[in-house]
Amino acid sequence: MSYDVIIAGAGFAGSTAARVLADAGKKVLILEKRNHIGGNAYDWMDENDVLRHEYGPHIFHTNSEKAIEFLSRFTDWYTYEHRVLGYIKGKLVPIPFNLTSIEKLFDEDKAEHLKQVLIASYGADHKIPILELRQNWDPEIRELADFIYENVFQYYTMKQWGLQVEEIDPAVTGRVPVLISYDDRYFQDSFQQMPSDGYTKLFERMLDHENIEVQLNVDIMDRMTVNPEEGTVYFDNEPFAGTVIYTGLLDHLLGYQLGDLPYRSLDFDVETKEGNFQPVATVNYPTPAETHPYTRITEYKKFMKNPPIMKTTIAVEYPMAYDRQGEKGNVPYYPIFNEASQKQYDAYADLVRKIPNIVPLGRLAEYKYFNMDAIVEHAIDVAEGLLGK
Ligand SMILES: Cc1cc2nc3c(=O)[nH]c(=O)nc-3n(C[C@H](O)[C@H](O)[C@H](O)COP(=O)(O)OP(=O)(O)OC[C@H]3O[C@@H](n4cnc5c(N)ncnc54)[C@H](O)[C@@H]3O)c2cc1C
């Protein structure tokens, strides 16, 4: 087959674009460096009959009709509303922090009083950013806000990003909401459903098309060379004039010539337990690292429609420094955003723009956090743009 489009990466970005282009008659080759499709949403049935999310818990939630319509071609769904508990002061309380959390953490009179003060100040059923609460004129609300800030966000953020207290920018953490309601769902989107047979099956169906060929275990940079000065792409030593959709890291694409883009990584300590481990799929540990060096524990079978009974699989999540050559921490999970990294990324992006047939797409290539629905929508738009739609 000769290809109109070569795509690096079989995650949501690459696979969605591939399918839209293939449906329009384009011949597409996908090269994926891992030994599986699905990108970070990859899941598989483990030895406990638990559908394990290899790269951390992935919960599908959206308000995007476009993403739902597209993905529903490849999967049925079942309802799953995510609930998270936080281990705070020795108790498990709903996160985001809400009126039930107050009831669980304070004695009855104090809790009643705090709830009344909050509702009087903001009204019921509102989401208030913690920063706003911390700036309230009422000292009681400020005291509560400081308690929430410290016990829900501060230590969690320190562990997540490897920061000291004074390095945390309250304006960034401050956007996280407190809910003045009893809604204990983690998300409030109108569509909260998981793919019936898991994400990997969804990807298999999406990529099952006569115009799509997938090759696993291939890093595109072992087959492709790019030259920004000449604006050229060579694939298998031949000039390639078709489109290359690249969903990997731009520093890798350009041989790290401007240095490594900074990332935060994770390590998952996976264990088998008997029966059930915890009341909900995810329990956060917003406690100091000295007490709990991890940020959260996920019990994967709680995402399943028909979970196994006897055994369960848990993953204890340890944030860590990213090291692309390390034995651990070699998966780039979260971009570390700051002025310097944005500048560095922009310099890489300027170089890539000199090569007209390379299209950077996705969370790595665009150095951005996208939820799954957002990247699906975006990849559809980019692919349709390439088709002149
Ligand atoms: C811990 C964690 C939890 C998350 N949870 C949720 C959630 O609950 N809900 C939600 O909506 N979103 C969640 N997300 C976001 C979700 O993972 C992303 O939206 C999604 O992965 C983006 O897809 P992508 O294709 O851009 O990237 P990826 O899924 O990372 O796919 C990129 C693919 O490209 C491949 N690749 C890279 N470089 C090369 C190369 N040189 N050659 C060949 N192949 C290459 C990679 O191996 C990978 O398979 C989470 C993200 C993280 C990090």
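Residues numbered from 1 in each chain as written. Predicted model: local features only at pLDDT ≥ 70, side-chain atom pairs only at ≥ 80, totals over all residues.

## A closer look at helix H12 (residues 372–386)
In step 1: The end-to-end C-alpha distance of H12, which contains 15 residues, comes to 21 Å, matching closely the 21 Å that a straight helix rising 1.5 Å per residue would cover.
In step 2: Inspection of H12 places Met372, Asp373, Ile375, Val376, His378, Ala379, Ile380, Val382 and Ala383 among the buried residues, and these make up the whole buried set.
In step 3: Following H12 by one or two positions, Gly388 adopts a phi angle in the positive range, close to 75°. (Helix = DSSP H or I, 4+ residues; strand = E, 2+ residues; numbered from the N terminus. Expected span 1.5 Å × (residues − 1). Buried ≥ 20, exposed ≤ 12 C-beta atoms within 10 Å, placed from the backbone.)

## A closer look at the domain arrangement of the protein
In step 1: In terms of domain boundaries, the protein breaks down into domain 1 (5–80 + 196–261 + 332–386) and domain 2 (84–180).
In step 2: Each of domain 1 and domain 2 has a C-alpha centre, and the two are 37 Å apart. (Domains from an automatic or database assignment.)

## Side note on unusual backbone geometry
In step 1: For the bond running from Ile95 to Pro96, omega is 0°, close enough to zero to count as cis.
In step 2: Summarising the element assignment, Pro96 is placed in the loop between strand S8 (91–95) and helix H3 (99–105).
In step 3: Positive phi is not limited to glycine here, since Asn217 has a value of about 60°.
In step 4: Inspection of the secondary structure puts Asn217 in the loop between strand S12 (212–215) and strand S13 (224–227).
In step 5: Assessed through the 10 C-beta atoms surrounding it within 10 Å, Asn217 is described here as exposed.

## Structural notes on the sheet that holds strand S17 (residues 263–274)
In step 1: With mixed pairing, the seven strands of this open sheet are ordered in space as S8-S7-S18-S19-S20-S17-S21. Only two strands of the sheet have a single partner each, and these edge strands are S8 and strand S21 (334–335).
In step 2: The strands touched by helix H6 (residues 139–161) are strand S7 (84–88), S8, S17, strand S18 (282–284) and strand S20 (311–321); relative to S7, the strand with the most contacts, the crossing angle is about 95°. (Pairing = 2+ DSSP bridges. Contact = placed C-beta atoms within 7 Å. Axes fitted to C-alpha atoms, helices over the stretch in contact; angles between N-to-C directions.)

## Considering the sheet that holds strand S15 (residues 238–239)
In step 1: The strand order across the open sheet built from three strands is S13-S14-S15, with neighbouring strands paired in antiparallel fashion. Looking at the sheet topology across the chains shown, the edges are occupied by S13 and S15.
In step 2: Direction of pairing for strand S14 (residues 232–235) relative to S15: antiparallel, over a ladder of two bridges. When the sheet's bridge partners are listed, Phe235 is paired in S15 with Glu238.

## What to know about the pairing of S8
In step 1: With five bridges joining them, S7 and S8 adopt antiparallel strand pairing. Counted as the bridge partner of Leu85 is Pro94 from S8.
In step 2: What sits between the antiparallel neighbours S7 and S8 is a turn of two residues, in which Lys89 has the positive phi angle 50°.

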